[in-house]
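Coordinates in review
Here is how the chains run, residue by residue.
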Amino acid sequence: MEALLTHSEDDDKPDTARTPHLLCGSKFWSLSSSLGCVYLAWLAFARLSSHQFEWPNDVWSILAYGVWVLFLLVLMTETRCFRERLLFTVLLANFALALWMATAPNLHPTTAQTARQISLALWVLGALYSASFIFRPVPVADARARRV
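Residues numbered from 1 in each chain as written. Predicted model: local features only at pLDDT ≥ 70, side-chain atom pairs only at ≥ 80, totals over all residues. Heavy atoms only, no water.

1. Section: the environment of Ser130
Following the sequence through the fold, Ser130 ends up in helix α6 (residues 109–135). A sequence separation of 43 residues divides Ser130 from Leu87, and the C-alpha atoms of the two residues are 6.9 Å apart. Leaving out residues up to four positions away in the same chain, Ser130 has contacts with Ser30, Ser33, Ser34 and Leu87. (Helix = DSSP H or I, 4+ residues; strand = E, 2+ residues; numbered from the N terminus. Contact = heavy atoms within 4.5 Å.)

Structure representation (C-alpha cells):
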C-alpha cells in the first residue's frame, strides 16, 4: 500500500515530455507489430494463392476497417518519431485500401486481384520495417527524457 502512496517528480511530467516514441524503445511492441504483419501477409498470400480476391463487405468488416483507420490516424498524431510515422503510414494505407475495397464490392476481378497484391506487398513491407525497430536503437537526437 505504501508503494501506491509514493510520489515521484517523474509522475508530474506530461506524457509528451517522457518520450516521443511508441515503438522504438520497446522490443515487445516492435515484435508484436512485426508478427501481426507477418500473419496478415500470410493471410493475403493464402487468398491470392486460392484465387479468393473478394473482400468481406459486411457491416462489421467495414466498421472494423474504419476503426483501424481512425486508430492509426490517432497513433500518427501521438508520435513525433519519423520512423514510427512511416510504419503507421504503411499500415494506414493497407487498412484504407481494405476499407475502400469493402465498401466497393462490385469491382472488376482484376482490380480486386491487384488490390490483394498491393495489400500483400504492404503487409510484407510493414513486417520487415517493424522488425527493423527491434534491432535499431532509438536515434540519439530523438531520445528525450532519459533517466539519469
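After that view of the structure, there is still more to cover.
2. Observations regarding the packing of helix α5 (residues 82–103) against α6
Remark: α5 packs on α6, axes separated minimally by 10 Å, with the N-to-C direction vectors making an angle of 160°. One way to sum up the angle between α5 and α6 is to call them roughly antiparallel. Crossing geometry of α5 relative to α6 is assigned as left-handed. Here α5 contributes Arg83, Glu84, Leu86, Leu87, Val90, Leu91, Ala93, Asn94, Phe95, Leu97, Trp100 and Met101 to the contact with α6, which in turn contributes Thr111, Ala112, Ala115, Ile118, Ser119, Leu122, Trp123, Leu125, Gly126, Tyr129, Ser130 and Phe133. A class-by-class count of the residues in the contact of α5 with α6 yields 17 nonpolar, five polar and two charged. (Axes fitted to C-alpha atoms, helices over the stretch in contact; angles between N-to-C directions. Parallel < 35°, antiparallel > 145°, perpendicular 65-115°, else oblique. Left-handed = near helix turned anticlockwise from the far one by under 90°. Nonpolar A, V, L, I, M, F, W, Y, C, P; charged D, E, K, R; others polar.)

3. Comments concerning helix α3 (residues 27–49)
With 23 residues, α3 extends 32 Å from end C-alpha to end C-alpha; this agrees with the ideal 33 Å at 1.5 Å per step. All of the buried residues along α3 are Ser30, Ser33, Ser34, Cys37, Ala41, Ala44 and Leu48. Just past α3, the residue His51 takes up positive phi, approximately 60°. (Expected span 1.5 Å × (residues − 1). Buried < 20%, exposed > 50% of the residue type's maximum accessible area, 1.4 Å probe, protein only.)

4. With respect to the confidence of the model for the protein
Low pLDDT means the predicted atomic positions in that stretch should not be read closely. Taken over all residues, the pLDDT of the protein has a mean of 81, while the share at 70 or more is 77%. Ranking the elements of the protein by mean pLDDT puts helix α2 (residues 15–18) last with 47 and α5 first with 93. In the predicted structure, residues 13–18 sits below a pLDDT of 50 and forms seven contacts with residues beyond four places in sequence or in another chain. (pLDDT = per-residue confidence, 0-100.)

5. Considering the side chain of Ser30
Structurally, Ser30 can be placed in helix α3. On the accessibility criterion, Ser30 (0% relative accessible area) is buried. Setting aside chain neighbours within four positions, we find Ser30 in contact with Leu23, Ser130, Phe133 and Ile134.

6. Re the side chain of Thr79
On the secondary structure map, Thr79 appears in the loop between α4 (59–78) and α5. A distance of 3.1 Å separates the side chain of Thr79 from the backbone nitrogen of Cys81, its partner in a polar contact. (Polar contact = N/O pair within 3.5 Å; in protein donor to acceptor, adjacent residues only side chain to side chain.)

7. Some points on the packing of aromatic side chains
Describing an aromatic ring pair means giving the distance of the ring centres and the angle of the ring planes. Per the stated rule, a full pass over the model turns up six aromatic pairs. For the pair Trp68 and Phe95, a centre-to-centre distance of 5.1 Å together with 5° between the ring planes defines the contact as stacked. Residue Trp68 is located in helix α4, and its partner Phe95 is located in helix α5; the two are separated by 27 residues in the primary sequence. Here Trp68 falls in the partly exposed class, since its relative accessible area comes to 40%. Aromatic side chains Phe95 and Trp123 sit 5.4 Å apart centroid to centroid with 80° between the ring planes, which places their arrangement in the edge-to-face category. Of this pair, Phe95 sits in helix α5 while Trp123 sits in helix α6; the two residues are 28 residues apart in sequence, bridging distant segments of the chain. Each member of the pair Phe95 and Trp123 is classed as buried. Over the ring of Trp55 we find Arg116, and its NZ or CZ is 4.0 Å from the ring centre. (Phe/Tyr/Trp six-rings, centres within 6.5 Å; stacked < 30°, edge-to-face > 60°. Lys NZ or Arg CZ within 6 Å of the ring centre and 35° of its normal.)

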